[in-house]
Amino acid sequence: MSPPRLFLVAPERVAADALAQCIRAACEAGDVASLLVPASVARDVTAAAQHLGVAVMVSGEARDAARAGADGIHVGASADNVATARGQMGKDRFVGAYAGASRHFAMEAAEAGADYIAFDQRGPGVGGEPIVRWWSDMMEIPCVAFSPVEPGDLDILLPQKPDFIRPSDAMWQDAGEARRVVSALMQRLGPT
């Protein structure tokens, strides 16, 4: 099994040029697959991130993702939200859904056409079973361990088989910190 890829989640209140520097440093240091950005900076960072081979998802409305030329949209995991986003985005763009720690919302989102499900892997599990492990064992739709991860968290998280993990939010302090955070994760993940 290959190690999970990185799913970056940009904060709301960071200037677009600073975000771009952090994204570039993260890509130089590790295997970045995706970036979730707030609508407020989507237009400013999407093209640069895509040039680095990163799929860009926008947290907001479908029109925000379209204006930015993003690869998709990230919504709350309800059947209505996902179905609406799928209708607006079409089949050629991604729709991702955040389900927290809810199996119910995750399954509804999957049935409505979500391309990935993001989980709060620190949320309560049902019967002691971690939600990421349950999803990975039962479903084919990729999952994101959406709570920020430190290298020490990987011993518990990797056996659950997430497809994507989110690095610590400390990576957004500056490019040097982005490089440090991602490098530390990649060392723990091993060869890709």
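Just so you know, these numbers come straight off a predicted model, no measurement behind them.

Participant: How should the state of the cysteines be read in this particular structure?
Facilitator: Each disulfide is one covalent bond, formed between the sulfur atoms of two cysteines. Evaluated as defined, the whole model comprises zero disulfides. No disulfide involves cysteine 22; its nearest neighbouring cysteine sulfur is the one of cysteine 27, lying 11 Å away. Classification of cysteine 22 as buried rests on a relative accessible area of 1%.

Participant: It is not clear to me how the pattern of salt bridges should be interpreted in this structure. Could you clarify?
Facilitator: Oppositely charged side chains can form a pair if their charged atoms are brought close together. As enumerated under the stated definition, the model contains ten salt bridges in all. Among the ionic pairs, glutamate 129 bridges to arginine 103, the shortest N-O distance being 3.2 Å. In this pair, glutamate 129 is assigned in the loop between β6 (116-119) and α6 (131-138) and arginine 103 in helix α5 (residues 103-111), connecting sequence segments 26 residues apart. Arginine 180 serves as the salt-bridge partner of glutamate 177, at 2.7 Å between the closest nitrogen and oxygen. With glutamate 177 and arginine 180 both in helix α8 (residues 175-189), this residue pair falls three residues apart, about one helical turn.

Participant: How should I be thinking about the packing of aromatic side chains in this particular structure?
Facilitator: Enumeration according to the criterion identifies five aromatic pairs in this entry. Relative to phenylalanine 146, the ring of phenylalanine 7 has its centre 6.1 Å away and its plane inclined at 65°; by these criteria the two rings are edge-to-face. Of this pair, phenylalanine 7 sits in strand β1 (residues 5-9) while phenylalanine 146 sits in strand β7 (residues 143-149), placing them 139 residues apart in sequence. Look at phenylalanine 7 and you get buried, because its relative accessible area is 1%. For phenylalanine 146, a relative accessible area of 12% gives the class buried. The interplanar angle of 50° and the centroid separation of 5.2 Å between the aromatic rings of tyrosine 98 and phenylalanine 146 together place this pair among those described as tilted. With tyrosine 98 in strand β5 (residues 94-100) and phenylalanine 146 in strand β7, the pair connects residues that are 48 residues apart, well separated along the chain.

Participant: Just checking my understanding: could you explain the pairing of strand β3 (residues 55-59) for this structure?
Facilitator: Put simply, side chains in a regular strand alternate between the two faces of the sheet. Burial runs high along β3: four of the five residues are buried. Sheet analysis places strand β2 (residues 32-38) next to β3, joined by five bridges and oriented parallel. Looking at the pairing, proline 38 lines up with serine 59 of β3. Crossover β2 to β3 through helix α2 (residues 39-51) is right-handed. Inspection of the sheet shows β3 paired to strand β4 (residues 72-76) by three bridges, in the parallel sense. Considered in β4, the bridge of serine 59 is made with histidine 74. Where the polypeptide runs from β3 across helix α3 (residues 62-68) and back to β4, its parallel neighbour, the crossover connection is right-handed.

Participant: Please clarify how the pairing of β4 should be interpreted in this entry.
Facilitator: Taking burial as the measure, the five residues of β4 include four buried ones, the bulk of the element. The parallel pair β4 and β5 is bridged by helix α4 (residues 79-89), and the resulting crossover is right-handed.

Participant: What exactly am I supposed to notice about the sheet that holds β6 here?
Facilitator: Pairing between the strands of a sheet comes from backbone hydrogen bonds, and it takes one of two forms, parallel or antiparallel. Taken in spatial order, the eight strands line up as β1-β2-β3-β4-β5-β6-β7-β8 and close into a barrel, and their pairing is parallel. Averaged over all pairs of adjacent strands, the angle between strand axes in this sheet comes to 30°, irrespective of strand direction. Sheet contacts for α6: β6 and β7; angle to β6, the most-contacted strand, approximately 160°.

Participant: Sorry, what's going on with the packing of α5 against α6 here?
Facilitator: Helix-helix packing is characterised by the crossing angle of the two axes and by the distance between the axes. α6 packs onto α5 with a crossing angle of 35° between their chain directions and a minimal axis gap of 11 Å. Regarding α5 and α6, the two cross each other, and that crossing is right-handed. Touching Arg103, Ala106, Met107 and Ala110 of α5 are Ile131, Trp134 and Trp135, all from α6. A class-by-class count of the residues in the contact of α5 with α6 yields six nonpolar, no polar and one charged.

Basis of the calculations
Residues numbered from 1 in each chain as written. Predicted model: local features only at pLDDT ≥ 70, side-chain atom pairs only at ≥ 80, totals over all residues. Heavy atoms only, no water. Disulfide = S-S within 2.5 Å. Buried < 20%, exposed > 50% of the residue type's maximum accessible area, 1.4 Å probe, protein only. Salt bridge = Lys/Arg side-chain N within 4 Å of Asp/Glu carboxyl O. Helix = DSSP H or I, 4+ residues; strand = E, 2+ residues; numbered from the N terminus. Phe/Tyr/Trp six-rings, centres within 6.5 Å; stacked < 30°, edge-to-face > 60°. Pairing = 2+ DSSP bridges. Right-handed = clockwise from strand over helix to strand, strands pointing away. Axes fitted to C-alpha atoms, helices over the stretch in contact; angles between N-to-C directions. Contact = heavy atoms within 4.5 Å. Left-handed = near helix turned anticlockwise from the far one by under 90°. Nonpolar A, V, L, I, M, F, W, Y, C, P; charged D, E, K, R; others polar.

Geometry only, nothing functional implied.
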